[in-house]
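The chain contents come next:
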Amino acid sequence: MARTDETGEIARHGSPFGTTPPDPPPAGGDAGANGRMPRWLPRALVLALALVGVFQLGSWAFHQLTGLLVNILIAFFLALAIEPAVSWMASRGLRRGLATALVFFAVIIVSAGFVTLLGSMLAGQIIKIVEDFPNYLDSVINWINAHFHTELRRVDVQEGLLKSDWLRNYVQNSATGVLDVSAQVLGGLFQLLTITLFSFYFAADGPRLRRALCSVLPPAKQAEVLRAWEIAVIKTGGYLYSRGLMALISGIAHYILLEILDVPYAPVLAVWVGLVSQFIPTIGTYLAGALPMLIAFTVDPWYALWVLIFVVVYQQFENYVLQPKLTAKTVDIHPAVAFGSVIAGTALLGAVGALIAIPAVATLQAFLGAYVKRYDVTDDPRVHGHRERGRGMFARARELWIRPPEQPGKNPPEGTGGSGGPGDGAE
C-alpha cells in the first residue's frame, strides 16, 4: 500500500535522476478552474460566423448586381465623353440639362439613321442573294458536271436539300429559339435605356455629383479627386473625338474606293468601316473590311481583292502617319499598351471592356504621370540602340586572329601590357 503524508495525499518519491514526476490527473471528470472555456471564445465564434455570413451575402449581392454595375460604368464613361460638349454649351448660357438632352438627341438620331441604313443594305443584299441563288446553283452544278463528268440536276439538289434531316432540325431549333431571341432583344433595349438614363444624370448633374463627392473629403483630397476627374474628362473626350475624326477620314477614303469600283451601298459601307475600324483597335480595320469585301465579291471577285489591298495599305498609313498626329495630345499611349489593355478589358468585361479600356488606361497613365518623378536620360549611344563601333563580334574575332600567340616559358616583352610588366600600370 502506498504511503501517504499527513494531508492524506500520496507521497511523491523523487526519481533516481533527481527529478520530480508529474502530478497525476485529478480524480473524477472535473476540469478544474484552469480548464474552463475562455470568455472570449463564444464571442469570437459568433463574430467569425457573422463575418462569413456578411461575406457570403456581399458576394451574392455583387453577383446579382454585376449587370447594373457594368451599366453604371458604361454610363459614367459615356458621360465623361460628352462632358466637353455639354460644358461648352453650358458656358454659353444654355441650361446644363437642356444641353445634355441636345447632345443625346443628336447621338440618337445619328445612331438610328446608321442602323436603319445598315439594316436596309443588309436586307437588300439578302433579297438579292435569294433571287440569284438559282443562278449560282446552276453555275456550280454545271462546273461539277463538266469537271467530274456527273449528271446532277438542280431539281434533284433542291429536293435533297428540302428532304434532308439537318434542314428539318434547323427549322425546328429556329422556331424554338424565337422566344429566346425576343427575350434577348427586350433585355438589350432595357439595358440601353438604363445606360442612357444614368449617363444623362451623370452629365446633367455633373457639378452636383462632384460637390456631393467632395463634401465628404478633406480639402487636400478634394483637389486630388477633382484633378483625377478632369484628367478622365480630357482623356475620354479626347479619345472619342480623335477616334471620330479618324473614322471620318477612313470613311471618306473607303467611300471613294467603293464608288470607283461601283460597289452598291458605298455610303453605308464607308460609315461601317469608319466606325468599326476606329472603335475596335488594331484589328478593327480588318474586321470592318470583311463586309465591303463580301459585297464587292458579289459584283466582281477581283473587286474584293482590290478592297483587301486598300484596307491593308490604309491600315499602315493610319498606324504610322495619321494616328500619331491626331492622338499625340489626347491619348498618347503605345500601340502595344493599347492592344494589351483591349485584351484585358475584353477578358474582364467583354465587349464593354474593349470599348472603355483605352480611355481608362490613358486616364490612369496621365494621372500617374503627374506623380512619377522623371529624370534626364544620360547621353549614351546604348539608349538610342547603338553599340560602340569596333567592338562587335567580328572586331573581337579579328583582334584574336591577329594577336601573336604567347610561347611558354617566356616573359612578354616590356610595353606589351603583360602581367607584372611596366605596361600594365603595376606599382
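Residues numbered from 1 in each chain as written. Predicted model: local features only at pLDDT ≥ 70, side-chain atom pairs only at ≥ 80, totals over all residues. Heavy atoms only, no water.

Observations regarding the overall build of the protein chain
Secondary structure summary: the protein chain contains 14 helices and 0 strands in total. Scanning the protein chain from its N terminus toward the C terminus, one meets helices and strands in the order α-α-α-α-α-α-α-α-α-α-α-α-α-α. When each of the 427 residues of the protein chain is scored for burial, the buried share is 24%. Expressed as a percentage of contacts within the protein chain between residues at least 6 apart in sequence, the contacts between residues at least 24 apart total 61%. As displayed, the protein chain has an accessible area near 31200 Å², and 67% of this comes from carbon and sulfur atoms. (Helix = DSSP H or I, 4+ residues; strand = E, 2+ residues; numbered from the N terminus. Buried < 20%, exposed > 50% of the residue type's maximum accessible area, 1.4 Å probe, protein only. Contact = heavy atoms within 4.5 Å. Areas by Shrake-Rupley, 256 points an atom, 1.4 Å probe, with all protein chains shown as cover.)

Points about the confidence of the model for the protein chain
Considering every residue of the protein chain, the mean pLDDT works out to 75; 73% of them sit at 70 or more. The lowest-confidence element of the protein chain is helix H14 (residues 393-402), averaging 63 in pLDDT; the highest-confidence one is helix H1 (residues 40-64), averaging 89. Counting contacts from residues 6-11, a segment whose pLDDT is below 50, to residues more than four positions away or on other chains yields 7 contacts. Scored below 50 in pLDDT, residues 415-427 shows 8 contacts in the model against residues more than four places distant or in partner chains. (pLDDT = per-residue confidence, 0-100.)

Thoughts on the packing of helix H7 (residues 206-214) against helix H8 (residues 219-260)
Packing of H7 against H8 leaves a shortest axis separation of 10 Å and a crossing angle of 150°. When you trace H7 past H8, the crossing you get is right-handed. Here H7 contributes Leu 209, Arg 210, Leu 213 and Cys 214 to the contact with H8, which in turn contributes Gln 222, Val 225, Leu 226 and Trp 229. Within the contact of H7 with H8, the residues separate by chemical class into 6 nonpolar, 1 polar and 1 charged. (Axes fitted to C-alpha atoms, helices over the stretch in contact; angles between N-to-C directions. Left-handed = near helix turned anticlockwise from the far one by under 90°. Nonpolar A, V, L, I, M, F, W, Y, C, P; charged D, E, K, R; others polar.)

Some thoughts on helix H11 (residues 301-326)
Over its 26 residues, H11 runs 35 Å from end to end, which matches the ideal 38 Å to within 8%, given 1.5 Å per residue. Of all the bends in H11, the largest measures some 45° and sits at Glu 318. Every buried residue of H11 is accounted for by Ala 304, Val 307, Val 311, Tyr 314, Gln 315, Glu 318 and Leu 322. The elements touched by buried residues of H11 are H8, helix H9 (266-279) and helix H10 (284-299). (Expected span 1.5 Å × (residues − 1). Bend = angle between axes of the 7 residues up to and from the residue.)

Observations concerning the environment of His 254
Here His 254 is to be found in helix H8. Look at His 254 and you get buried, because its relative accessible area is 4%. Every residue in contact with His 254, bar those within four places of it in the chain, is listed here: Ala 270, Val 273, Phe 310, Val 311 and Tyr 314.

Concerning unusual backbone geometry
Glycine aside, negative phi is the norm for most residues, and most peptide bonds take the trans geometry. Notably, Asp 262 is not glycine yet its phi reads approximately 60°, a positive angle. Here Asp 262 is to be found in the loop between H8 and H9. On the basis of relative accessibility, which here comes to 62%, the residue Asp 262 falls in the exposed class.

Description of the side chain of Ser 199
Take Ser 199: it is sitting in helix H6 (residues 178-204). Among residues more than four places away in sequence, those in contact with Ser 199 are Ala 75, Leu 78, Ala 79 and Phe 104.

Things to note about the nonpolar core
Membership of the largest hydrophobic core comes to 20 residues, with the highest contact counts inside it found for Ile 74, Leu 80, Ile 82, Val 86, Val 103 and Val 352. Secondary structure elements with two or more residues in this core: helix H2 (66-90), helix H3 (96-148), H6, H8 and helix H13 (351-369). Among the nonpolar cores identified, the runner-up in size contains 15 residues, and Val 263, Ala 266, Leu 291 and Val 311 belong to it. (Core = buried A, V, L, I, M, F, W, Y, C linked by side-chain atoms within 4.5 Å.)

With respect to the pattern of salt bridges
The full count for this structure, using the stated rule, is 2 salt bridges. Here Arg 210 makes a salt bridge to Glu 83, at a shortest N to O gap of 4.0 Å. Placement of Arg 210 in helix H7 and of Glu 83 in helix H2 is noted, with a sequence separation of 127 residues between them. (Salt bridge = Lys/Arg side-chain N within 4 Å of Asp/Glu carboxyl O.)

Section: the packing of aromatic side chains
Evaluation of the coordinates by the stated rule reveals 9 aromatic pairs. Between Trp 143 and Phe 148 the ring centres are 6.1 Å apart and the planes differ by 75°, which places this aromatic pair in the edge-to-face class. Judged by relative accessible area, Trp 143 falls into the partly exposed class, the value being 48%. Taken together, the ring pairs connect Phe 76, Phe 77, Phe 198, Phe 202 and Trp 229 into an aromatic cluster. (Phe/Tyr/Trp six-rings, centres within 6.5 Å; stacked < 30°, edge-to-face > 60°.)

A look at H7
Residues of H7 that are buried: Gly 206, Arg 210 and Cys 214. Buried residues of H7, seen end-on, are gathered within an arc of 65° and therefore sit on one face of the element. In H7, the exposed positions that point more than 90 degrees away from the buried face belong to Arg 208 and Arg 211. (Arc of directions from axis to C-beta.)

What about the side chain of Asn 145?
Of note, Asn 145 is situated in helix H3. Residue classification places Asn 145 among the buried positions, given a relative accessible area of 18%. Setting aside chain neighbours within four positions, we find Asn 145 in contact with Thr 150, Glu 151 and Leu 152.

Some remarks on the packing of H8 against H9
At a closest axis distance of 7 Å, the pairing of H8 and H9 adopts a crossing angle of 145°. Crossing hand, H8 versus H9: right-handed. Residue-level contacts link Tyr 239, Leu 240, Arg 243, Gly 244, Met 246, Ala 247, Ser 250, Gly 251, His 254, Tyr 255, Leu 258 and Glu 259 of H8 to Ala 266, Pro 267, Leu 269, Ala 270, Val 273, Gly 274, Leu 275, Ser 277, Gln 278 and Phe 279 of H9. Of the residues contributing to the contact of H8 with H9, the split by class is 13 nonpolar, 7 polar and 2 charged.

Notes on the environment of Gly 340
If you trace the backbone, Gly 340 turns up in helix H12 (residues 335-349). Among the residues examined, Gly 340 registers a relative accessible area of 34% and is labelled partly exposed. Sequence separation of Gly 340 and Ala 357 is 17 residues, and the distance between their C-alpha atoms is 9.2 Å.

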